Amino acid sequence: MIDPALESLPWSEQRVADDERWRRQVAWLFERSRFYREKFAAAGIDSASAAGGLDEIAALPFTEKAEIRATVTAENPIGTHLCVPREELGGLFSTSGTTGTPSYIPLTRRDMDVWVTTSARSYAASGISAGEIVVSTYNAGPFVAGAALGAFDRLGVCHVPVGTGNTERLMTAIRLLRPTAAVMTPSYASYLIEWAAERGFDLAGSTVKRLMVAGEPGGGEPAMRARLEAGWGARVTEAMGIGDIGVSLWGECEHQCGMHLGGRGAVHAELIDPATGASIAMADGARGELVLTHLQHQAAPLVRFRTRDHVEVWTSRCACGRTAPRVRCIGRTDDMLIVRGVNVFPTAIREIVAGFAPSVSGMIQVRPSAPGVRQEPPLPVAVELAKDVAPDPALAEAIAARIRAALVVTASVELVPWGTLERSEYKSKLVRH
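A brief look at the structure comes next.

Quick word on the sheet that holds strand E18 (residues 374–375)
Phase 1 of the analysis: Pairing is mixed in the open sheet, where three strands are placed in the order E16-E15-E18. Each having just a single partner strand, strand E16 (342–344) and E18 make up the two edges of the open sheet.
Phase 2 of the analysis: Both strand E15 (residues 337–339) and E16 contribute to a ladder of three bridges, which runs antiparallel. Looking at E16, one finds that valine 339 is bridged to valine 342.

A short note on helix H12 (residues 346–354)
Phase 1 of the analysis: Of all nine residues that make up H12, seven are buried, and the element is covered over most of its length.
Phase 2 of the analysis: Every buried residue of H12 is listed here: Pro346, Thr347, Ala348, Ile349, Arg350, Ile352 and Val353.
Phase 3 of the analysis: Where H12 is buried, its residues touch helix H11 (222–232), strand E14 (326–332), E16, strand E17 (360–366), strand E19 (379–385) and helix H13 (393–407).

Focus: the packing of helix H2 (residues 11–32) against helix H3 (residues 34–42)
Phase 1 of the analysis: Two elements in contact, H2 and H3, have axes separated by 6 Å at closest approach and are oriented at 100°. By the criterion of interaxial angle, the relationship of H2 to H3 is roughly perpendicular. In this structure, H2 contributes Val26, Leu29, Phe30, Glu31 and Arg32 to the contact, and H3 contributes Arg34, Tyr36, Arg37 and Phe40.
Phase 2 of the analysis: Of the residues belonging to the contact of H2 with H3, the class tally is five nonpolar, no polar and four charged.

A few points about the pairing of E14
Phase 1 of the analysis: Of all seven residues in E14, seven are buried; the element is thus mostly enclosed.
Phase 2 of the analysis: Judged from the six bridges that link them, strand E13 (residues 305–314) and E14 form a sheet pairing that is antiparallel. Bridge pairing links tryptophan 314 to arginine 326 in E14.

Topic: helix H6 (residues 109–124)
Phase 1 of the analysis: Helix length check: H6, at 16 residues, gives a terminal C-alpha distance of 22 Å against a target of 22 Å (1.5 Å per residue), a fit within 8%.
Phase 2 of the analysis: Every buried residue of H6 is accounted for by Asp111, Val114, Trp115, Val116, Thr118, Ser119, Ala120, Arg121, Ser122, Tyr123 and Ala124.

Overview of the pattern of salt bridges
Phase 1 of the analysis: The tally for this structure, following the rule as stated, stands at 28 salt bridges.
Phase 2 of the analysis: Between aspartate 19 and arginine 23 there is a salt bridge, and its shortest N-O distance comes to 2.8 Å. Of the two residues, aspartate 19 and arginine 23 both sit in helix H2, four residues apart, roughly one turn of that helix.
Phase 3 of the analysis: Residue arginine 23 is classed as partly exposed on the basis of its relative accessible area, which comes to 41%.
Phase 4 of the analysis: We note a salt bridge from arginine 210 to glutamate 132, for which the minimum N-O separation is 3.3 Å. Highlighted residues: arginine 210 in strand E6 (residues 210–213) and glutamate 132 in the loop between H6 and strand E3 (133–136), separated in sequence by 78 residues.
Phase 5 of the analysis: Taking the relative accessible area as the measure of exposure, glutamate 132 reaches 13% and is therefore buried.

Let's talk about the state of the cysteines
Phase 1 of the analysis: Using the criterion set out here, one finds zero disulfides in the structure.
Phase 2 of the analysis: Cysteine 318 carries a free sulfur, and the closest cysteine sulfur to it, the one in cysteine 320, is 3.6 Å from it.
Phase 3 of the analysis: Since its relative accessible area comes to 4%, cysteine 318 is described here as buried.

The rules behind these values
- Every chain is numbered independently, its residues counted from 1 as its sequence is written.
- Owing to the predicted nature of the model, reporting of local features is limited to residues with pLDDT of at least 70; listing and counting of side-chain atom pairs is limited to 80 or more, with chain, interface and lining totals taken over all residues.
- Excluding hydrogens and water, the side-chain figures rest on all heavy atoms present in the structure.
- Pairing between two strands is assigned when DSSP locates at least 2 bridges connecting them.
- By definition, any uninterrupted DSSP run of H or I lasting at least four residues is a helix, any uninterrupted run of E lasting at least two residues is a strand, and each is numbered from the N terminus.
- Working definition: with a 1.4 Å probe on protein chains only, accessible area under 20% of the residue-type maximum means buried, over 50% means exposed, and in between means partly exposed.
- Contacts are assigned to residue pairs that have any heavy atoms within 4.5 Å of one another.
- With axes taken as lines fitted to C-alpha atoms, and helix axes fitted only over the stretch in contact, angles between N-to-C directions fall between 0 and 180 degrees.
- Should an angle fall under 35 degrees it is called roughly parallel, over 145 degrees roughly antiparallel, and 65 to 115 degrees roughly perpendicular, with every other angle called oblique.
- Each residue receives one of three labels: charged for Asp, Glu, Lys and Arg, nonpolar for Ala, Val, Leu, Ile, Met, Phe, Trp, Tyr, Cys and Pro, and polar for the others, Gly being one of them.
- How far a helix is expected to stretch is found by multiplying one less than its residue total by 1.5 Å.
- Each salt bridge in this description consists of a side-chain nitrogen of Lys or Arg and a carboxyl oxygen of Asp or Glu lying within 4 Å of one another.
- The disulfide definition used here is simple: a pair of cysteine sulfur atoms within 2.5 Å.

Take a look at the structure:
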C-alpha cells in the first residue's frame, strides 16, 4: 500500500468521510453546473440540501453519456456540465470512442493529481514498487489512458512507454531492458503469446514477472488468466477505469480476488439492476451494473454515471488488509445479448470455450443473426481451433452443450481454422453484427 492508513481504514469510517465530500460536491454542482441544475430541477430537487447525503443518493437521477453529448455544440465542445472557466483547466483528454464518437474529458490540475493518486494506488496493489522497470503499451496520445501513465512516475518506477501496435519494439524492449512488469490489454497479452511462439521467443522465460492487464474484461476470467500466466510465466492482475470518471480506479492485489477501489475518497460506487435501474446492495457475490459518482471533482463532476460495466462485487476485507470494495468485470451491458429472456455476455462464452483447450485457441466471435440486442436461438458462435487441430463435430457439440448447461442458452457452434479470427493489439471485438 502506498497509503496504508487510508487503504486499511474501516469502510464505515470511509463512508462518513465520503458523505461529507459528497455534500460539498453537490453544492459545487448547484453553484457551477448548468447541466445538473437543470437535471435536478426536472427531478424536483431545487437545492444541495434537498439532494441529501449518500444514504439518499439512490433517489437522484442517473447520468447517461448520451445526455452529456446532447449538450455539446460547436461553441461548447465539452458540454454544459463544465464547472470551471477554460483558463482553470490543466488538461483535456478524450475517451477512446469504444461506444461512439470520442468525448472530451476536462480536468483541473487538482483533478489530474487525484487521477494520478488513485491510479498509483491501483497499480501499487499489483506489487510493483520503486526501482522496477515497467513497460507499457497504452496509447498516450489524446486518450485518458495516457493520464494513467503519471501513476508510474508517482510510484518511482522506471517507465518504458511503447504504445499500441509496436510489437517488435515491445519485444525488443523486453529482451534488452529486462523489465519486471508489463502493462497492456488482455487481448494483446494473449496475442503476444502466439507471436512469441511463432518466432521462438521465450516469453515465459523473460524477466517479466508481473503482467498488469486493463482496458477490457478478460484478465479475471479463470481460463484467460491461466493462459496468460502460463504463456508469460508471470502473475496476472487487473486494473480498470472509466474514462469519464477516472483512469485505473480499480486495481487487483496479489491475492487475485477482485480489483480494489483505488479511487476510494474520490468516487462513490453503487450497483444497480441494468434493466430496471433498481439499487442492489453492495455485498459479497452481488452482481449488477456499476454506477459511479464523483466526490471531489472540479472540472466536470458526474453524478450516478452509468458505466455499462457489469460486475461482481465483494465487500469483505481482503487478506492484503485493504478495506475498499472489490469488483470483477463480467462484461459490458453494451455487448450483452438477450436470448429468449436470458442475458448473455460474450465474455462468459469465451470463458466456457477456453475450457476446451488445447483443442481450441481461446478465440471466439458471437455472430448474431439479427440486428439489435434480442436474439432467437440458436445463437451463432464461431470458435477457433488450436493450431493443427482438425474440426470435429463432436467437439462443436460438446462446446454447445457446455454453453447450454452453464448459460441456459442454445448456441450453434461453428469451428473455424486457427488464425481465422482477428487478433488485436488493443481490444478484442467479441461480437460481429
